[in-house]
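One-letter residues, chain by chain:
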Amino acid sequence: MAKSNKGKAQSAKSEKIPELEDEHQEHIDKNQPDETVESTVESNADSSDEILIGQLSAERDKYIRLAAEYDNFRKRSKLEREATYSDACTDAITRILPVYDNLERALKQECSDEAFYKGIEMTMTGLTETLESMDVKPIDAVGEPFDPNKHNAVMAIENPELGEKIVAEEFQRGFTLGDKVIRFSTVVVAN
């Protein structure tokens, strides 16, 4: 008998299950939002996403522009520092060149005191070595073709021994600092 009661209970359970499913289905149908509500929620979500994407894109553009401006600032600052250093070196060397000119003139003069003359030679040698260590080099002029980028012609002479536009004489030596001319050679040009 116990078995028959068990069988009846199981059949009752199986009968109640479809009823529960129907009630559950009705409950689900009542709680489901309408399609219009879903579309409104979706459209609000879509427009919200579009706004966020637009804001993100704008902020990204700002960041990229700021990064580019900073990079340009850094490069410009580096170039300005290099130019300032170069200008300072040029100014300092230009102020020293008259000392070079005076020592060069002193060496061309005759001197009876050997020790004095040797002292001037040593001073000139030291100054020349210092200038060379700073990449300052004299411009070759005499016998070279006239180059307006290196020479400043103050006179012209006729000399059949020299070719046309050849530097015949140098009044003042010119110098370069690297590739930059810091003082032009003052010269006399032939023919």
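Our subject is the structure listed above.
Keep in mind it's a predicted model, so treat the numbers as computed, not measured.

Criteria and cut-off values
- Residues numbered from 1 in each chain as written.
- Predicted model: local features only at pLDDT ≥ 70, side-chain atom pairs only at ≥ 80, totals over all residues.
- Heavy atoms only, no water.
- Phe/Tyr/Trp six-rings, centres within 6.5 Å; stacked < 30°, edge-to-face > 60°.
- Helix = DSSP H or I, 4+ residues; strand = E, 2+ residues; numbered from the N terminus.
- Buried < 20%, exposed > 50% of the residue type's maximum accessible area, 1.4 Å probe, protein only.
- Contact = heavy atoms within 4.5 Å.
- Core = buried A, V, L, I, M, F, W, Y, C linked by side-chain atoms within 4.5 Å.
- 1 Å grid on protein atoms, 1.4 Å probe; cavity = no way out; pocket = protein on both sides within 12 Å on 5 of 7 lines; lining within 4 Å.
- Points joined across faces, edges and corners; volume = space filled by probe spheres on them.
- Nonpolar A, V, L, I, M, F, W, Y, C, P; charged D, E, K, R; others polar.
- Pairing = 2+ DSSP bridges.
- Axes fitted to C-alpha atoms, helices over the stretch in contact; angles between N-to-C directions.

1. Details of the packing of aromatic side chains
In this structure the tally under the stated criterion is one aromatic pair. Ring geometry for Tyr100 and Phe175: centres 5.0 Å apart, planes at 90 degrees, overall edge-to-face. One end of the pair, Tyr100, is in helix α2 (residues 35–108); the other, Phe175, is in strand β4 (residues 175–177), and 75 residues separate them in sequence. Of the two residues, Tyr100 and Phe175, both sit in the buried class.

2. Side note on the environment of Val189
By the secondary structure assignment, Val189 is in strand β6 (residues 185–190). Classification of Val189 as buried rests on a relative accessible area of 10%. Sequence spacing of Val189 and His151 is 38 residues, and the spatial spacing of their C-alpha atoms is 9.6 Å. Ignoring sequence-local partners within four residues, the contact set of Val189 consists of Phe146, Ala153, Met155, Ala156, Ile157, Lys165, Ile166 and Ala168.

3. Some thoughts on the nonpolar core
Residues Ile93, Leu131, Val136 and Ile182 are the most contacted members of the largest nonpolar core, which totals 13 residues. Elements represented by at least two residues in this core include exactly α2, α3 (114–133) and β4. The element contributing the most residues to this core is α2, with five residues. Residues in contact with Val136, not counting those within four places in the same chain, are Ile93, Leu131, Phe175, Thr176, Leu177 and Ile182.

4. Digging into the layout of surface pockets
If you add up the space inside the largest pocket, you get close to 200 Å³. Taken together, Asp101, Glu104, Arg105, Lys108, Glu170, Phe171, Gln172 and Arg173 form the lining of the largest pocket. Of all the elements in the fold, those that place two or more residues in the lining of the largest pocket are α2 and β3 (166–172). A per-element tally of the lining of the largest pocket places α2 first, with four residues. Tallied by class, residues from the lining of the largest pocket come to one nonpolar, one polar and six charged.

5. Topic: the sheet that holds β3
The mixed open sheet is built from three strands, whose spatial order is β2-β6-β3. If you trace the sheet from one side to the other, it starts and ends with β2 (151–157) and β3, each paired once. Strand-to-strand twist of the sheet, defined as the mean angle between neighbouring strand axes without regard to direction, takes the value 35 degrees. Bridging between β2 and β6 involves six bridges; their strand directions are parallel. Note that in β6 the partner of His151 across the bridge is Ser185.

6. Structural notes on the sheet that holds β4
One open sheet accounts for three strands, arranged β1-β4-β5; its pairing is antiparallel. Among the strands making up the open sheet, the edge pair consists of β1 (136–138) and β5 (180–183). Recorded for the sheet is a direction-independent mean angle of 35 degrees between the axes of neighbouring strands. Bridge analysis of β1 against β4 gives three bridges, and the strand direction is antiparallel.

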